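# Understanding the architecture of this molecule
Spelled out, the chains give:
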Amino acid sequence: MTNTIHPVLLCGGSGTRLWPLSRKSYPKQFAKLTGDESLYQASALRLSGEGFGAPTVVTASDFRFIVIEQLAALEIPLADILIEPAPKNTAPAVCAAALALEARNPGALMLVAPSDHVIPDGPRFHSAIHAAAPAAMSGQLVTFGIRPDRPETGYGWLELSTPTADFDPAPQPLKNFVEKPDQEKAQALLDGGMHLWNAGIFLFSTTTILEAFAAHAPEVLEITRKAFEASEADLSFTRLEPKAWSELPDISIDYAVMERASNLTVVPYAGSWSDLGDWHSVWREAGADETGTVTAGPSTAIDCENTLLQATSEAQQLVGIGVKDLIAVAMPDAVLVAHKDRAQDVKNAVAALKNKKVPQADTLPRDYRPWGWYESLVIGPRFQVKRIVVYPGASLSLQSHNHRAEHWVVVEGTAKVTIDERVELVSENQSVYIPLGAVHRMENPGKVTLTLIEVQTGSYLGEDDIIRYEDIYARGQGAKG
């Protein structure tokens with residue numbers, strides 16, 4: 001490969017079809033669904049090494065520290081993290097990434113990829129990218145199509161111009177985009193051998209894609225450019241300007257540009273691939289036993305067929321007896337039970353829970369912060385018990401509360417605690433009391449994880465009862481900032 005490929009990872013989706021494991025507060029790309037790494041980490045690893053530059057990540061503000069933390073764990077450096085003020089679909093995200101890369105490296109090749117796909121055969125996928133690079137360098141908008149193995153109705157399809165032997169990764173003109181078909185049409189597309197699944201993965205130069213936006217979606221380009229040029233540096237992040245960003249249409253890159261352009265090339269990819277778009281696809285990718293059953297976590301199947309049983313907490317056992325074609329996912333605060341053929345409808349359950357204002361619709365029991373995480377263990381009318389985990393060297397903000405007092409008991413590690421003018425070290429089996437209104441901070445000065453139990457008491461225990469005075473993460477005011 002003569003040109004460096006610069007990955008752009010789209011990392012802002014919510015993954016509602018994988019509820020309850022994937023939620024708005026911590027979507028599926030950050031979860032470990034298929035291995036030791038999260039889907040986001042696996043995507044970054046797949047697009048790293050020789051021939052690849054440091055990735056650019058486009059994400060939401062709430063996830064900005066997660067994307068850094070998870071790649072730091074793999075020692076993968078980041079080129080940039082673009083913060084979207086609001087989700088606007090893929091066209092504005094790709095346009096912003098192209099503008100950012102163009103500013104750093106004019107005319108560079110950029111590989112746009114979702115951060116939540118599963119592609120087990122990295123070398124084979126690299127071969128497809130290598131095959132696509134000359135076309136991208138010559139001014140083509142290259143999309144990658146997946147060899148289909150079933151009449152899938154959940155994906156868009158791509159029509160080839162000429163037949164391909166074994167779907168070799170040879171670039172050819174893309175004839176047409178096909179919207180998500182019904183079952184009968186999907187079967188016809190599969191049988192015809194001239195169509196691929198649309199993976200939503202693209203390769204092009206910044207010059208080519210920005211010219212395409214100018215020709216086919218000038219409004220998107222103009223407004224995104226305003227948002228980018230007025231962006232602000234925030235620690236290691238680039239915050240796109242909110243007012244201009246709010247004026248953008250909610251539109252995909254396919255609708256905005258790809259389906260209108262004439263310089264389109266498709267590269268077939270015949271290896272394994274999944275977007276893990278629902279629990280049925282998780283079952284398919286997990287490798288079922290001879291009965292078609294998959295168990296994950298503390299779960300047990302007895303005389304089950306074609307079933308997925310997935311549990312996440314060692315304090316909870318999930319057991320299925322004599323069930324068939326079932327999906328059961330158990331978490332400490334929510335349980336999903338669905339027929340396997342209704343996996344696409346899980347998003348409807350999330351919508352129903354939102355209408356009922358149920359917090360489980362969007363939030364996990366464990367809340368991730370830049371300094372670590374916490375989870376609620378017990379909640380009462382005027383009290384709450386939490387487990388709080390603080391990473392080595394990390395620090396909570398200097399803060400106070402108007403409505404609650406707190407009692408901290410250290411159970412692992414050592415805490416450096418500030419309470420008004422007093423600073424002290426609190427070790428394992430020691431505790432400290434923070435009166436209502438006291439200005440306080442907790443730090444982990446050690447090299448091991450700090451774990452403590454927090455007991456809150458007061459008239460209001462919401463996370464927005466925080467006044468921040470100093471914060472190394474520049475989060476401002478509010479529950480998360």
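Shown above is the structure to which this text applies.
Below is a short write-up of the structure.

So, how was this worked out
- Residues numbered from 1 in each chain as written.
- Predicted model: local features only at pLDDT ≥ 70, side-chain atom pairs only at ≥ 80, totals over all residues.
- Heavy atoms only, no water.
- Helix = DSSP H or I, 4+ residues; strand = E, 2+ residues; numbered from the N terminus.
- Polar contact = N/O pair within 3.5 Å; in protein donor to acceptor, adjacent residues only side chain to side chain.
- Contact = heavy atoms within 4.5 Å.
- Core = buried A, V, L, I, M, F, W, Y, C linked by side-chain atoms within 4.5 Å.
- Buried < 20%, exposed > 50% of the residue type's maximum accessible area, 1.4 Å probe, protein only.
- Pairing = 2+ DSSP bridges.
- Axes fitted to C-alpha atoms, helices over the stretch in contact; angles between N-to-C directions.
- Phe/Tyr/Trp six-rings, centres within 6.5 Å; stacked < 30°, edge-to-face > 60°.
- Lys NZ or Arg CZ within 6 Å of the ring centre and 35° of its normal.

### Describing the side chain of Asp 254
- Here Asp 254 lies in helix α9 (residues 253-256).
- Polar contacts involving the side chain of Asp 254 include one to the side chain of Asn 198, which spans 3.0 Å.
- Filtering out sequence-adjacent residues up to four positions away, Asp 254 remains in contact with Phe 177, Asn 198, Phe 202 and Glu 259.

### Some points on the nonpolar core
- Formed by 89 residues in total, the largest nonpolar core has its most connected members in Phe 144, Ile 201, Leu 203, Trp 273 and Trp 279.
- Ranked by residues supplied to this core, first place goes to helix α4 (residues 122-137) with 7 residues.
- The residues contacting Phe 144, other than those within four sequence positions of it, are Leu 111, Ala 128, Ile 129, Ala 132, Leu 158, Trp 197, Ala 199, Ile 201, Phe 202, Leu 203 and Val 267.
- Grouped together as the second largest cluster of nonpolar side chains are 49 residues, Val 58, Leu 82, Met 110 and Ile 253 included.

### With respect to the sheet that holds strand β16 (residues 326-331)
- One open sheet holds the 4 strands; their spatial order is β12-β14-β16-β17, and the pairing between them is mixed. Whereas interior strands pair on both sides, the edge strands pair on one side only; in this sheet they are β12 (294-296) and β17 (334-339). Recorded for the sheet is a direction-independent mean angle of 0° between the axes of neighbouring strands.
- The pairing of strand β14 (residues 308-311) with β16 spans 4 bridges and is classified as parallel. Considered in β16, the bridge of Gln 310 is made with Val 329.
- Across the face of the sheet, helix α10 (residues 279-286) comes into contact with β12, β14, β16 and β17 while running at roughly 95° to β14.

### Brief notes about the packing of aromatic side chains
- Per the stated rule, a full pass over the model turns up 13 aromatic pairs.
- Aromatic side chains Phe 65 and Tyr 473 sit 5.5 Å apart centroid to centroid with 75° between the ring planes, which places their arrangement in the edge-to-face category. Of this pair, Phe 65 sits in helix α2 (residues 64-72) while Tyr 473 sits in the segment after β28 (467-470), and the two are 408 residues apart along the sequence.
- These aromatic residues form a ring-pair network of at least three members: Tyr 26, Phe 30, Tyr 40, Phe 63 and Tyr 368.
- Here the guanidinium or amino end of Lys 340 rests over the ring plane of Trp 283, the centre of that ring lying 3.8 Å away.
- A cation sits over an aromatic face here: Lys 386 above Tyr 374, 4.0 Å from the ring centre.

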